[in-house]
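A structural walkthrough
Spelled out, the chains give:
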Amino acid sequence: MLRKVGAFVILVTASAAQLSAASLPEIMAGPSNPVPQCVTPGRLMALLRLRNDELDPRYSNIATTYMRIGEELGLRWDIAFYQMVVETGALTYTRDVRAKQNNFAGLGATGNGVRGESFPDIETGVRGHLEHIRLYAGHPVANPVAERTRKVHEWHILDKWQHSLHHPVTYTDLATKWAPGTRDYTRNIKAIGDQFRKVLCHAPDPHPELVQEARAGRKGTAQAADATSPAPSGEELAQRAVAQGKAEGTDRRSSLGAQPSRLSNKPSTIAASPAAAAAPYKMTNAPAARQPAAEKSGSTRYALAGAAAAGKARPRITDTAAPPAANQRCRVWTASYGGQKSIIIRSVADQVVNFTVLDVNDGAERREAEAFINAYAKNGKITGEYPSQALALDRAFELCPEG
């Protein structure tokens, strides 16, 4: 809070003007980039109820939580709140993510039924969202609550992009990376802010006590990740991932260097005997049923029941993969650059054939695959390209039922 009221008024006016302009403000808050004084938890809850008249009562403190953690992390948390409104449809959850996941920014949700990460409660979900935003600004925290945040930091996915900007990272910059190919993302966030400013900014605060409540429960400034600590090499991460997979056993899916697969947090249903090896595994949120079909794409047959029923063309799939030899062990991994398309990379390490399902961005598939192979899958080869992670995982587990 600035000491001089006159200076504060000028800065707030400039900040509000930023929301009216074509761009959104810097991610990190500061004397020249404050959260406007009129943005309070009470007014933000009124905004939510304007857009969702059936708001679940369990969200009654969510704006207070955004303020508390946002100030702790030093962010323009008001814009993050508007982003949450966009991502969740004002907490109506009309897209892939479900309310019980407490995932307020679609972390790890890449479309086509991939749900993304889940958090145990609202506070942890808000923290996961805001820590991920802080990472985009180039200020990661130690021990983030979201696995996706940890992996993006450890794999240096944002480094080149951040260095190319030559200015403090803004929410407009974030939008181009968070939702690549979606032209309206910045505009949608801005529209929420505009509605708040026009309708509620000058209205009486229905719950002014929530400001004090947010600040009373606030922790100290976030501890940034130690930049002097060397990040693990690609080889170390790969070895860590293989070791984790061995420790978990053959009936668990693991993602490279971190969490279990985003498709399920339960063991796959896999046949225990060679005679039953062709039995399908359980895919808890597959976008459509997989059934035998007469048509082929490469060496694999697919029938998407939902698309067929609707008379839609099946997605294009290229596939040149072959299963491991009968005496070879295999594993299936997942990794992501944040895109909605997926490829399968086949590599061999310690006499184990690894099939990595890698989410890639449209137009950057080969570049991202080559970077991944260089770091994590030495001498690996691309064996298939798919329109979604679900289809790629489907194929990976056909090639390697033991997982």
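These numbers were taken from a predicted model, which means no experiment stands behind them.

Overview of the nonpolar core
General note: in soluble globular proteins, nonpolar side chains tend to be found buried as a group. Counting residues in each nonpolar core, the largest one holds 75 residues, and the members touching the most others are Ile-27, Ile-62, Tyr-66, Phe-81, Tyr-82 and Phe-104. Among the elements that line this core, the one with the most residues is helix α4 (residues 77–88), at eight residues. The residues touching Ile-62, leaving out its near neighbours within four places in the chain, are Met-45, Leu-48, Phe-81, Met-84, Leu-91, Phe-104, Ile-122 and Val-126. Residues Ala-321, Val-332, Ala-392 and Leu-399 belong to the second largest nonpolar core, which totals 15 residues.

Some remarks on the side chain of Asp-359
Position of Asp-359 relative to the elements: it lies in strand β6 (residues 352–360). Residue classification places Asp-359 among the buried residues on the basis of a relative accessible area of 0%. In terms of polar contacts, Asp-359 uses its side chain to reach the side chain of Ser-336, at 3.5 Å. At 2.7 Å, the side chain of Asp-359 forms a polar contact with the side chain of Ser-342.

A few points about unusual backbone geometry
Positive phi, close to 65 degrees, is recorded for Leu-91, a residue that is not glycine. Mapped onto the fold, Leu-91 is located in the loop between α4 and α5 (122–136). Unlike most non-glycine residues, Gln-351 shows phi in positive territory, near 65 degrees. Mapping Gln-351 onto the fold places it in the loop between β5 (341–349) and β6. Relative accessible area serves as the criterion here: at 71%, Gln-351 is assigned to the exposed category.

Some remarks on the packing of aromatic side chains
According to the stated counting rule, one finds eight aromatic pairs in the structure shown. On the basis of an interplanar angle of 70 degrees and a centroid distance of 5.8 Å, the ring pair of Tyr-136 and Trp-161 is categorised as edge-to-face. Here Tyr-136, found in helix α5, pairs with Trp-161, found in helix α7 (residues 159–165); they are 25 residues apart in sequence, far enough to count as distant. The class for Trp-161 is buried, based on a relative accessible area of 13%. Within the aromatic cluster, the residues linked to one another by ring pairs are Tyr-136, Trp-161 and Trp-178.

What to know about the side chain of Asn-52
Following the sequence through the fold, Asn-52 ends up in the loop between α2 (41–51) and α3 (62–73). A distance of 3.0 Å separates the side chain of Asn-52 from the backbone oxygen of Ala-90, its partner in a polar contact. Excluding residues within four positions of it along the chain, Asn-52 makes contact with Ala-90, Leu-91 and Thr-92.

Each value, and the rule that gives it
Residues numbered from 1 in each chain as written. Predicted model: local features only at pLDDT ≥ 70, side-chain atom pairs only at ≥ 80, totals over all residues. Heavy atoms only, no water. Core = buried A, V, L, I, M, F, W, Y, C linked by side-chain atoms within 4.5 Å. Buried < 20%, exposed > 50% of the residue type's maximum accessible area, 1.4 Å probe, protein only. Helix = DSSP H or I, 4+ residues; strand = E, 2+ residues; numbered from the N terminus. Contact = heavy atoms within 4.5 Å. Polar contact = N/O pair within 3.5 Å; in protein donor to acceptor, adjacent residues only side chain to side chain. Phe/Tyr/Trp six-rings, centres within 6.5 Å; stacked < 30°, edge-to-face > 60°.

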